[in-house]
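Structural overview
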Amino acid sequence: MYLATTGRRDAPPRPAGARRRVPGTVLVLGTVSLVTDVSSEMVTAVLPLYLVLGLGLSPLQFGLLDGLTTGATALVRLLGGVGADRGGRHKQVAGLGYALSACSRLGLLLAGGATGWIAGALAVDRLGKGVRTAPRDALITLHSPPEDLGRAFGTHRAMDTTGALLGPLAAFALLWATAETYETVFAVSFCVGAFGVLVWLLLVPGRPRDPGRPGDPGEPRHSGEPRHSGGQQDPARPRDDRDTRPKAPAAPRARGGLLAVPRSPAYRRIVFCAALLGAATVGDSFLYLLLQRRLDLDAAWFPFLPLGAAAVYLLLAVPAGRLADRIGRRRPLLYGHGALLLAYGLLLAPVPGAAALVGVLVLLGVFYAATDGVLMALTGPFLTGGRQAGGLAVVQTAQALARLGAAVAFGAVWTASGPETALVAALLALAAALACAARLLPAGPTREGSST
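For the structure given in this document, a descriptive report is provided here. (Residues numbered from 1 in each chain as written. Predicted model: local features only at pLDDT ≥ 70, side-chain atom pairs only at ≥ 80, totals over all residues. Heavy atoms only, no water.)

1. Points about the overall build of the protein
- Helix and strand counts for the protein stand at 15 helices and zero strands.
- The 452 residues of the protein split such that 51% are buried.
- Long-range pairs, those at least 24 residues apart, make up 84% of the contacts in the protein with a sequence separation of at least 6.
- On the protein, roughly 20,000 Å² of surface is accessible, and the fraction owed to carbon and sulfur atoms is 64%. (Helix = DSSP H or I, 4+ residues; strand = E, 2+ residues; numbered from the N terminus. Buried < 20%, exposed > 50% of the residue type's maximum accessible area, 1.4 Å probe, protein only. Contact = heavy atoms within 4.5 Å. Areas by Shrake-Rupley, 256 points an atom, 1.4 Å probe, with all protein chains shown as cover.)

Written out as structure tokens, the structure is:
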């Protein structure tokens, strides 16, 4: 049994075979994410190569930097999620996060080659991402029917990934046109990010409209209820409408802080499994560096490695979301981590370099398509009204902290014993985490109404 507390409560049942449409708010949120990801990926696509090969950071130092910039968002995720819930200010809190990420590009302009300044600017960007992610995903949950959450998140993630594809291409074009002037990339990235903030402010609604509230456009009338005009009261109806006319409940607001996040066994299992699987997830940058070492790839081609995985993600995000809505969200989540496990194995296997390159990028794309939005869609229906952002933030924080530990541990083992030993350890850890998650994860709802 699950708590279907998100989406529209009073919406009439959709006829069989009726076409399902993605809510307009989800498309606007996807547009903002697309623009913001163009801005972000213009900068981050070249950073692993620049830091490790350009500035000479060791794998351990890079692991610390990569992990800290991701894990530093933990507390901010929680505060952002709980703050958005308590005041019903999902738009305002998420907008602050988008503004922080845009302003971090100005920090990169001032950093020069100083590693500390670069780390600080990246931390501000990650803090902005941490602030905005849970409230934004809560808006997707609140504006989408529970049975279509997989498709809604898949559509959003597909648009987000389009930006991840365009960002590195734009950065490469700017570097080629300006003779590798990184300051130009940072300046253009700031302008693009600022445009995304503007779109957010102008087009994203502050909170989902209550379809049952009197006076709202499109309010469903009860059968046999006469239509009135001019704001005059029907003399046949008692003055106190509450006695005769049911109203949809007002949008709930959370109280009690973080400790009031849902404590159902199913929700707790999701949080635990998200952390467990995250602790066995090697960061993409490490996998790209392993591919670069194995293929002896020219440095000029390194920024294009993420594009292969992003292209696969873009193609599969919506189909994976639809599949999750039909068969339950547990199995796609497990299959996605199984694809990541195969990617680890492929990097260790004695296969031709070209086969390893294509296989790892495809498997990485499958991993993200089957896990990123699907995890949020799996969690959403288990959250009670008014707790969407806080509940999602807890899951995201558990995953981020676990990946922080994974990045540091992988970098440390690589530095001490070599990349092959580190990859074998990661493969064994992920296999064990998958076996545990397969037993613990709830299935969640399907369109046929079944769940576990």
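Having seen the model, we can carry on.
2. Describing the pattern of salt bridges
- Overall, the coordinates contain six salt bridges when judged by the stated rule.
- Put simply, R105 and D125 hold a salt bridge, and the shortest N to O gap is 3.3 Å. With R105 in helix α5 (residues 90-111) and D125 in helix α6 (residues 115-142), this pair connects stretches of sequence that are 20 residues apart.
- Between D372 and R157 there is a salt bridge whose closest N-O contact spans 3.3 Å. Here R157 lies in helix α7 (residues 149-177) and D372 lies in helix α13 (residues 353-379), a separation of 215 residues in the sequence.
- A relative accessible area of 4% places R157 in the buried class.
- Within the structure, one salt-bridge network assembled from shared partners comprises R136, D137, R157 and D372. (Salt bridge = Lys/Arg side-chain N within 4 Å of Asp/Glu carboxyl O.)

3. Focus: the environment of L149
- Assignment of secondary structure puts L149 in helix α7.
- When its relative accessible area of 0% is taken as the criterion, L149 is described as buried.
- Placed 224 residues apart in sequence, L149 and G373 show a C-alpha to C-alpha distance of 8.9 Å.

4. A closer look at the environment of L364
- Note on placement: L364 falls in helix α13.
- Placed 52 residues apart in sequence, L364 and V312 show a C-alpha to C-alpha distance of 8.2 Å.

5. A look at α13
- The end-to-end C-alpha distance of α13 is 39 Å, a good match for the 39 Å that 27 residues give at a rise of 1.5 Å each.
- Bending of α13 peaks at approximately 25 degrees at the position of G373.
- Buried residues dominate α13, accounting for 19 of its 27 residues. (Expected span 1.5 Å × (residues − 1). Bend = angle between axes of the 7 residues up to and from the residue.)

6. Comments concerning the packing of helix α14 (residues 388-417) against helix α15 (residues 419-440)
- At a closest axis distance of 7 Å, the pairing of α14 and α15 adopts a crossing angle of 140 degrees. Relative to α15, the element α14 is oriented oblique. For the pair α14 and α15, the crossing hand works out as right-handed. Here F410, V413, W414 and S417 of α14 lie close against α15, whose contacting residues are P419, T421, A422, L423 and A426.
- Taken together, the residues of the contact of α14 with α15 break down into seven nonpolar, two polar and no charged. (Axes fitted to C-alpha atoms, helices over the stretch in contact; angles between N-to-C directions. Parallel < 35°, antiparallel > 145°, perpendicular 65-115°, else oblique. Left-handed = near helix turned anticlockwise from the far one by under 90°. Nonpolar A, V, L, I, M, F, W, Y, C, P; charged D, E, K, R; others polar.)

7. Some thoughts on α15
- Counted at 1.5 Å a residue, the expected span for α15 with its 22 residues is 32 Å, and the 31 Å between its end C-alpha atoms agrees.
- Along α15, the positions that sit buried rather than exposed are P419, A422, L423, A426, L430, A433, L434 and A437. Down the axis of α15, the buried set is contained in an arc of 110 degrees. They therefore lie on one face. Along α15, the residues that are exposed and aim more than 90 degrees away from the buried face are E420, L428 and R439.
- Where α15 is buried, its residues meet α9 (265-278), α10 (284-295), α12 (330-348) and α14. (Arc of directions from axis to C-beta.)

8. Some remarks on the nonpolar core
- With 78 residues, the main nonpolar core has W200, L287, Y344, L364, V395, F410 and L441 as its most contacted residues.
- With 11 residues, the single largest contributor to this core is α13.
- What L441 contacts, discounting residues up to four positions off in sequence, is R269, I270, C273, R330, L333, L334 and L378.
- If you look at the next biggest cluster of nonpolar residues, it comprises eight residues, including V43, L108, A111 and L122. (Core = buried A, V, L, I, M, F, W, Y, C linked by side-chain atoms within 4.5 Å.)

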